[in-house]
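Descriptive structure summary
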Amino acid sequence: MLIPRGLQATVDGLPPEARQELLAELFRMAALAHQERGLLPSSAPYTLRLDLAGCQVSVELDPSRSRLTLSGLQRARVLA
């Protein structure tokens, strides 16, 4: 699991509970991808998008390198 330097400050700025939930899910996804790497398509990298811990999260999966990269993180806006 790679968290680029440019997104690390955003991750660090999350409330502790949200940061813990986000990191736990990212590492769970990385472990699952590693376990099932033979089942993943061996195509170009692709992006997964999900809502997690009050954030919009984008994760890029690169099957050829067996790597997950956090590629986007935005806190969801609260509508008043």
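First, a word on what this report is: a plain description of the structure on this page. Just so you know, these numbers come straight off a predicted model, no measurement behind them.

Moving on: the sheet that holds strand S3 (residues 67-75). If you walk across this open sheet you meet the three strands as S1-S2-S3, and the pairing is antiparallel. Whereas interior strands pair on both sides, the edge strands pair on one side only; in this sheet they are strand S1 (46-52) and S3. Shown here is a sheet whose adjacent strand axes are inclined to one another by a mean of 20 degrees, direction ignored. Contacts from helix H2 (residues 16-35) reach S1, strand S2 (55-62) and S3, with the element oriented near 155 degrees to S3.

With that settled, the discussion passes to the side chain of Ser 58. Mapped onto the secondary structure, Ser 58 falls in strand S2. Ser 58 sits in the buried class, given a relative accessible area of 16%. Residues in contact with Ser 58, not counting those within four places in the same chain, are Thr 47, Leu 48, Arg 49, Thr 69, Leu 70, Ser 71 and Gly 72.

Reading the values: the criteria
- For every chain, the first residue of the written sequence is number 1, and numbering continues from 1 along that sequence.
- Two thresholds apply to this predicted model, a pLDDT of at least 70 for residue-level local features and 80 or more for giving and counting side-chain atom pairs, whereas whole-chain, interface and lining totals are computed over all residues.
- Excluding hydrogens and water, the side-chain values take into account all heavy atoms of the structure.
- Should DSSP find at least two bridges between two strands, the strands are regarded as paired.
- For helices the rule is a DSSP run of H or I covering at least 4 residues; for strands it is a run of E covering at least 2, with both sets numbered from the N terminus onward.
- Helix axes are fitted to C-alpha atoms over the stretch in contact, other axes to C-alpha atoms as well, and angles between N-to-C directions run from 0 to 180 degrees.
- Contact criterion: two residues are considered in contact whenever any of their non-hydrogen atoms come within 4.5 Å of each other.
- Per-residue accessibility, obtained with a 1.4 Å probe over protein chains only, is compared with the maximum for each type, and a residue is labelled buried under 20%, exposed over 50%, and partly exposed between these values.

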